[in-house]
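Working through the structure, step by step
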Amino acid sequence: MVLSRIGRQLACIVLSWACAQPAWSTPRDLFFVTQLFPPFITEDAAGKPDGGLVLVLQEACRRLSWRCTVQVMVWKRALLMISLGEADGLVLAQDTPERRAVMDLSRPVLTSSYGLYARNGNPLRYRQPADLSGHKIAVYGPSVSQSSCEKLVQGVPGIALTVELDPQTVLRKLSAGRYGNEAVAFSNDDVARYWIRRDGLSNLHQLAEVKTLAYLYGFTRSRVQPGMLDEFNRALDEMCRDGSLQKLAAPSGIRPVACR
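What comes next is a walk through the structure. (Residues numbered from 1 in each chain as written. Predicted model: local features only at pLDDT ≥ 70, side-chain atom pairs only at ≥ 80, totals over all residues. Heavy atoms only, no water.)

What about the side chain of Ser112?
For the record, the criterion: Secondary structure is summarised from DSSP: a helix means a run of H or I of at least four residues, a strand means a run of E of at least two, and numbering begins at the N terminus for each. Polar contacts here mean pairs of N or O atoms no more than 3.5 Å apart (in protein, one a potential hydrogen donor and the other a potential acceptor; neighbouring residues in sequence count only if both atoms are side-chain atoms). The contact criterion used throughout is that any non-hydrogen atoms of two residues lie within 4.5 Å.
The topology assignment puts Ser112 in strand β7 (residues 110-119). Polar contacts involving the side chain of Ser112 include one to the side chain of Asn188, which spans 3.0 Å. Among the polar contacts listed, one links the side chain of Ser112 to the side chain of Asp190, at a separation of 2.5 Å. With near-sequence residues (within four places) excluded, Ser112 lies in contact with Phe40, Asn188, Asp190, Thr212, Leu213, Tyr215 and Arg255.

Observations regarding the state of the cysteines
Cysteine pairs can be covalently joined through their sulfur atoms, and such a bond is termed a disulfide. Note the following rule: Two cysteine sulfur atoms make up a disulfide if the distance between them is within 2.5 Å. Residue exposure (1.4 Å probe, protein chains only): buried if accessible area is under 20% of the type maximum, exposed if over 50%, otherwise partly exposed.
Enumeration over the complete set of coordinates arrives at two disulfides. Shown here is the disulfide that connects Cys61 with Cys68, its sulfur atoms set 2.1 Å apart. In this structure the cystine formed by Cys61 and Cys68 twists about its S-S bond by roughly -85°; its chirality is therefore left-handed. Accessibility classification places Cys61 together with Cys68 in one group, the buried group. Covalently, Cys240 is tied to Cys259 through a disulfide, its sulfur atoms 2.1 Å apart. Disulfide Cys240 to Cys259: torsion about the S-S bond roughly -95°, handedness left-handed. Here Cys240, found in helix α8 (residues 228-241), pairs with Cys259, found in the segment after β12 (255-256); they are 19 residues apart in sequence, far enough to count as distant.

Points about the pairing of strand β8 (residues 136-140)
When a strand is regular, its side chains alternate between the sheet's two faces. Selection criterion: Strands pair, by our definition, only if DSSP identifies at least two bridges between them. Here the term right-handed applies to a crossover when the path leading from its first strand over the helix to its second strand runs clockwise, the strands being oriented away from the viewer.
Most of β8 sits out of view: four of its five residues are buried. Judged from the five bridges that link them, β8 and strand β9 (residues 160-164) form a sheet pairing that is parallel. Residue pairing in the sheet places Tyr140 in a bridge with Glu164 of β9. You can see the chain leave β8, run along helix α5 (residues 144-152) and come back into β9, and the turn it takes is right-handed. As defined by bridge partners, β8 adjoins strand β10 (residues 184-188) across three bridges and the pair is classed as parallel. Residue pairing for β10: Ile137 is matched across the bridge by Val184.

Describing unusual backbone geometry
The omega angle of the peptide bond from Pro38 to Pro39 is 10°, so this bond is cis rather than trans. Relative to the elements of secondary structure, Pro39 occurs in the loop between β1 (28-34) and β2 (42-43). Positive phi is not limited to glycine here, since Ser65 has a value of about 60°. Turning to its location among the elements, Ser65 is positioned in the loop between α2 (52-63) and β4 (66-72). On the accessibility criterion, Ser65 (41% relative accessible area) is partly exposed. Notably, Leu92 is not glycine yet its phi reads approximately 95°, a positive angle. Structurally, Leu92 can be placed in strand β5 (residues 89-93). Given the relative accessible area of 6%, Leu92 is considered buried.

Topic: the packing of aromatic side chains
In this description, an aromatic ring pair is defined by two values, namely the gap between the centres and the angle between the planes. In plain terms, the rule: Only Phe, Tyr and Trp rings are paired, with Trp represented by its six-membered ring, and only when their centres lie within 6.5 Å; those with planes under 30 degrees apart are stacked, over 60 edge-to-face, the remainder tilted.
For the coordinates displayed, the defined rule picks out 10 aromatic pairs. Aromatic side chains Tyr217 and Phe232 sit 5.5 Å apart centroid to centroid with 85° between the ring planes, which places their arrangement in the edge-to-face category. Of this pair, Tyr217 sits in strand β11 (residues 204-220) while Phe232 sits in helix α8, and the two are 15 residues apart along the sequence. The pair formed by Tyr217 and Phe232 is uniform in burial state, with each residue classed as buried. Taken together, the ring pairs connect Phe32, Trp66, Tyr217, Phe219 and Phe232 into an aromatic cluster.

Here's what the structure looks like:
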């Protein structure tokens, strides 16, 4: 009888320990969506998602024993899948009210900025948003870039805003004079440098840097389990402290945020 009682006690202890373990401590399959957004998100020679944000995610998932897959798609579809709860997370998010409405956000991972771009010879000098009065501005959208651009010029008279489907089109058309010789483009600076170098758009230059920003990961609130985001952030912090985050970001020429 004593042995039986001890056996029951041991069984209760084991059962209690098992129940106390978080659901995410066992390997999990997580599905992330995103868009091509070089240099942050690219594709390798085999067509698989690549780039700094993807590599950092994959390493964090490896450390957590999560099986994370990333699918590249049209941005509108990616956001729709998040809003419908059909994906676990978003690669390439900013801390905005729109994203916080449906997602829990990770700690910032990579830092960047928004800037204004013009053709060489454009006489415009930028010091404040009012200097853009009467000018055409091209931007990629719908996107946070478009929202940031609209906030920048809110209340400025005479602004003609043109929205294109991707940043490459914005810069190519600006370079070709399609918007007029005195038009400007609003773009992520790292993205603009990538396409200017990639497409040989040597007649473009940065007019001004107007806003700093940070990119992070979004976890779909309807699918994330308690504790998962804290564990993910701890993995990112560990990667920052041991230099892994910086090493993974370096080949893309992008900058990690400071370690916490």
